[in-house]
Amino acid sequence: MADAGFIKVAQVSEIRPGEMIAVEVGSEQVLLVNVDGTIHAIDDICSHAYASLSEGDLRGDEVECPLHGGAFSCVTGAPTNPPANESLRVYSVQIEGDDILVAPPID
Ligand code: FES
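1. Digging into the pattern of salt bridges
- Evaluated as defined, the whole model comprises 6 salt bridges.
- Here E64 ties to R59 by a salt bridge, and the two come within 3.0 Å at their closest N and O atoms.
- Given a relative accessible area of 24%, E64 falls into the partly exposed group.
- When salt bridges that share partners are traced, they join E28, D43 and R89 into one network.

Shown next as structure tokens:
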């Protein structure tokens with residue numbers, strides 16, 4: 001049984017290690033990333049301007065923005081390469097069987 005606030009957004013089997021997909025969580029667009037078998041969830045929309053990070057490149061636990069090359073940690077949401085300089089929000093993730101559940105960020 002999922003904890004309160006968590007909603008199912010995808011299946012673990014949809015995202016292999018080294019892959020990422022964008023999903024909707026309420027009105028938010030969230031990036032799910034499989035880093036060495038662990039699913040992480042951060043904002044999909046870059047904090048610099050407007051671009052979907054799911055269309056960028058994933059290298060290890062860092063995602064590079066397709067628009068200006070800014071990069072972020074998929075684990076902490078922190079910027080790791082300019083021009084990105086604001087952190088992305090991190091979402092709590094629960095795994096139940098093959099289901100990925102995500103909770104909305106607490107603003
Ligand atoms: Fe992502 Fe500029 S929009 S680095």
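Past the structure itself, the notes keep going.
2. Examining the sheet that holds strand β7 (residues 71-73)
- Read from one edge to the other, the open sheet built from 4 strands follows the order β5-β6-β7-β8, with strand pairing classed as antiparallel. Each edge of the open sheet is held by one strand with a lone partner, namely β5 (57-59) and β8 (79-81). Neighbouring strand axes in the sheet, compared pairwise and without regard to direction, differ in orientation by 30° on average.
- In the sheet, β5 pairs with strand β6 (residues 62-64) via 3 bridges, with the strands oriented antiparallel. From the neighbouring strand, D57 faces β6, where its bridge partner is E64.

3. Re the side chain of D44
- With respect to the element layout, D44 can be found in the loop between β4 (38-43) and β5.
- A polar atom in the side chain of D44 sits 2.9 Å from the backbone nitrogen of S54.

4. A word on the environment of S52
- Relative to the assigned elements, S52 resides in the loop between β4 and β5.
- C-alpha separation for the pair S52 and P83, spaced 31 residues apart in sequence, amounts to 15 Å.
- Ignoring anything within four residues of it in the chain, the contact list for S52 reads Q29, D44, I45 and P66.

5. A word on the nonpolar core
- Membership of the largest hydrophobic core comes to 15 residues, with the highest contact counts inside it found for L31, V33, L53, V63, F72 and C74.
- Discounting residues that sit within four places of it in the chain, L53 has contacts with M20, L31, D43, D44, C46, V63, C65, P66, F72 and L88.
- Grouped together as the second largest cluster of nonpolar side chains are 12 residues, V9, I15, V30 and V102 included.

6. Details of the environment of V30
- By the secondary structure assignment, V30 is in strand β3 (residues 28-35).
- Looking at V30, the relative accessible area reads 0%, which means it is buried.
- Each C-alpha atom of the pair V30 and F72 lies 14 Å from the other, and the pair is 42 residues apart in sequence.

7. What to know about the sheet that holds strand β11 (residues 99-102)
- Ordered by their spatial adjacency, 3 strands build an open sheet running β1-β11-β10, and the pairing between neighbours is antiparallel. The sheet terminates laterally at β1 (7-11) and β10 (93-96), the two strands that pair on one side only. When the angles between neighbouring strand axes are averaged without regard to direction, this sheet yields 35°.
- Direction of pairing for β10 relative to β11: antiparallel, over a ladder of 4 bridges.

The rules behind these values
Residues numbered from 1 in each chain as written. Predicted model: local features only at pLDDT ≥ 70, side-chain atom pairs only at ≥ 80, totals over all residues. Heavy atoms only, no water. Salt bridge = Lys/Arg side-chain N within 4 Å of Asp/Glu carboxyl O. Buried < 20%, exposed > 50% of the residue type's maximum accessible area, 1.4 Å probe, protein only. Pairing = 2+ DSSP bridges. Helix = DSSP H or I, 4+ residues; strand = E, 2+ residues; numbered from the N terminus. Axes fitted to C-alpha atoms, helices over the stretch in contact; angles between N-to-C directions. Polar contact = N/O pair within 3.5 Å; in protein donor to acceptor, adjacent residues only side chain to side chain. Contact = heavy atoms within 4.5 Å. Core = buried A, V, L, I, M, F, W, Y, C linked by side-chain atoms within 4.5 Å.

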